[in-house]
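Fold and geometry: a report
Single-letter residue listing:
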Amino acid sequence: MEIETQIANVIWTIVLTVGLYFAWDRLAVPFMRDNMRQKLFQLRREMFLYMADGGISPDHLAYGMLRHRMNSSIRFADGLSLTRAIVAMIAVPDDCKAATKKLDDAINSLPNIARAKMEDFRKKSALVVGRFVLGRSPGAAFVQC
């Protein structure tokens, strides 16, 4: 193979790689982020309606903490990534464990029906955020849930 052909192949590979990166970064990731936000808005509304129907008190710690987590995920979606999640768990493991335990205790203090419903909201929101974080992370582009 001639040297000119090899150079052309390298240039095309670089151009296509950069193009794919920008298509992923400018098209796919914003779509996934908006999709995650929309699902969290729907889940938060469903939880609100459950609270409004008397399923849980609006002052209960479990409702407040779970709503706060959903709001934080919606607001700070641009900063959510697998790398940041791992670094947070390594850098401040006690804070992560304490917050999780506090939410666990708050949910466990509820009556059985409300406990099951709030645990369902929690699992669904964690799944939505987890899929987004995995989907936008480098190397995980082909591991869509």
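Report follows, based on the coordinates. Fair warning: this is a prediction, and the values are worked out from it, not measured in the lab.

Cut-offs applied
- Residues numbered from 1 in each chain as written.
- Predicted model: local features only at pLDDT ≥ 70, side-chain atom pairs only at ≥ 80, totals over all residues.
- Heavy atoms only, no water.
- Helix = DSSP H or I, 4+ residues; strand = E, 2+ residues; numbered from the N terminus.
- Rg over C-alpha atoms; globule rule 2.2 N^0.38 Å.
- Axes fitted to C-alpha atoms, helices over the stretch in contact; angles between N-to-C directions.
- Parallel < 35°, antiparallel > 145°, perpendicular 65-115°, else oblique.
- Left-handed = near helix turned anticlockwise from the far one by under 90°.
- Contact = heavy atoms within 4.5 Å.
- Patch = residues over 30% accessible without salt bridge, like charges linked within 9 Å, V, L, I, M, F, W, Y side chains within 5 Å.
- Areas by Shrake-Rupley, 256 points an atom, 1.4 Å probe, with all protein chains shown as cover.
- Salt bridge = Lys/Arg side-chain N within 4 Å of Asp/Glu carboxyl O.

What to know about the overall build of the chain
Counting its secondary structure elements, the chain contains 5 helices and 0 strands. The helix and strand sequence of the chain, counted from the amino end, reads α-α-α-α-α. Over its C-alpha trace the chain gives a radius of gyration of 21 Å, far above what one expects of a compact globule, namely 15 Å for 145 residues. C-alpha extents for the chain along the principal axes are approximately 75 × 30 × 20 Å.

Brief notes about the packing of helix α2 (residues 61-75) against helix α4 (residues 93-108)
Describing two packed helices takes the angle between their axes plus the distance from one axis to the other. Running from N to C, α2 and α4 cross one another at 135 degrees; their axes reach a closest spacing of 8 Å. Comparing their axes, α4 and α2 come out oblique. Read as a crossing pair, α2 and α4 show a hand that is left-handed. For the pair α2 and α4, contact is made by Leu61, Ala62, Met65, Leu66 and Arg69 and by Ala99, Thr100, Lys102, Leu103, Ala106 and Ile107, respectively.

Here we look at a nonpolar patch on the surface
Together, Ile3, Ile7, Ile11, Trp12, Val15 and Leu16 line one region of the surface with nonpolar side chains, adding up to about 620 Å² of accessible area. Mapped onto the secondary structure, isoleucine 11 falls in helix α1 (residues 3-52).

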